[in-house]
Amino acid sequence: INAAVAALIPAGVALIALRDNQRKKILLHVDGESILFFAGLFMMIGGLEKVQLFESLAETLALATASNQNNLILALLWGPGLASGILDNVPLALAMTFVLKDLAAIPGTPALSMMTWSLALGVDIGGNLTPIGASANVVAYSYLEHNHGAVGWKRWLLLAVPPTILVMIILSFLLVYKNQIGWH
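Residues numbered from 1 in each chain as written. Predicted model: local features only at pLDDT ≥ 70, side-chain atom pairs only at ≥ 80, totals over all residues. Heavy atoms only, no water.

Enquirer: Lay out the nonpolar core in plain terms, naming residues and giving numbers.
Expert: If you look at the biggest cluster of nonpolar residues, it comprises 25 residues, and the most contacted ones within it are Leu76, Val99, Leu103 and Met115. Only α3 (32–50), α4 (53–64), α5 (69–83), α6 (89–104), α7 (112–126) and α9 (152–181) provide two or more residues apiece to this core. Per element, the largest residue contribution to this core is 7 residues, and it comes from α6. Once you skip the residues sitting within four places of it in the chain, Leu76 turns out to touch Leu61, Met96, Leu100, Leu103, Met115, Ser118 and Leu119. (Core = buried A, V, L, I, M, F, W, Y, C linked by side-chain atoms within 4.5 Å. Buried < 20%, exposed > 50% of the residue type's maximum accessible area, 1.4 Å probe, protein only. Helix = DSSP H or I, 4+ residues; strand = E, 2+ residues; numbered from the N terminus. Contact = heavy atoms within 4.5 Å.)

Enquirer: Tell me what's going on with the packing of aromatic side chains, and back it up with residues and numbers.
Expert: Summed over the entire model, instances satisfying the criterion amount to 2 aromatic pairs. Measuring from ring centre to ring centre gives 5.9 Å for Tyr141 and Trp156, while their planes differ by 65°; the resulting arrangement is edge-to-face. On the criterion of sequence distance, the pair formed by Tyr141 in helix α8 (residues 135–148) and Trp156 in helix α9 is long-range, its members being 15 residues apart. Looking at Trp156, the relative accessible area reads 12%, which means it is buried. (Phe/Tyr/Trp six-rings, centres within 6.5 Å; stacked < 30°, edge-to-face > 60°.)

Enquirer: So what about the pattern of salt bridges? Which residues, and what values?
Expert: Across all of its chains, the model carries 2 salt bridges by this definition. In this structure, Glu49 and Lys101 form a salt bridge, with 3.5 Å as the shortest nitrogen-oxygen distance. Separated by 52 residues along the polypeptide, Glu49 in helix α3 and Lys101 in helix α6 bring together distant segments of the chain. (Salt bridge = Lys/Arg side-chain N within 4 Å of Asp/Glu carboxyl O.)

Enquirer: Could you give me a rundown of α6, with the residues and numbers involved?
Expert: In a regular helix each residue adds 1.5 Å, so 16 residues correspond to 22 Å; α6 covers 21 Å between its end C-alpha atoms and thus fits that length. Where α6 begins, the capping side chain belongs to Asp88, and its oxygen is found 3.1 Å from the backbone nitrogen of Val90. (Expected span 1.5 Å × (residues − 1). Polar contact = N/O pair within 3.5 Å; in protein donor to acceptor, adjacent residues only side chain to side chain.)

Enquirer: Mind laying out the side chain of Asn89, listing which residues take part and the relevant values?
Expert: Mapping Asn89 onto the fold places it in helix α6. On the basis of relative accessible area, Asn89 is assigned to the buried category, the value being 10%. Not counting residues up to four positions away in its chain, the partners in contact with Asn89 are Ser84, Val123, Asp124, Gly127, Gly133, Ala134 and Ser135.

Structural data, given as structure tokens:
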């Protein structure tokens with residue numbers, strides 16, 4: 001079972017269990033634009049996988065960091081981490097899972113669990129850099145603007161960038177240390 005099926009089965013069962021009037025009310029409130037956006041996003045990522053873009057990225061990363069496994073761990077933390085401040089972290093994490101899969105097949109790369117933690121932490125924490133870096137930020141930004149007046153990007157960046165970078169630096173040391181002693 002893939003992730004899409006795992007998500008759709010409970011949703012389908014829940015819809016079947018509801019009364020007709022409740023079912024119609026829920027289906028009328030489904031945001032069609034969001035569904036089309038995510039469908040397009042998944043098709044685009046599937047297309048990029050078919051043209052082997054992720055495999056090429058994995059090979060480039062492995063080659064560039066071949067001299068030291070810690071460099072790959074840090075590249076998976078900082079590269080997607082900084083990128084997720086600009087791109088939403090959910091599609092970025094999805095795309096990078098294909099890169100991880102290809103990296104895991106390359107001899108000499110760190111343990112998959114190490115690379116997964118590095119990527120997950122980078123994408124998650126890096127998403128805090130901007131109001132659009134994570135879905136939760138969009139909601140928080142909207143709430144703040146609605147209930148507490150204008151926030152603005154400048155203020156967000158002044159408040160969010162320093163602690164985000166500090167946490168990323170701390171994570172860098174922790175991940176390198178954990179890679180040195182072995183992942184248990």
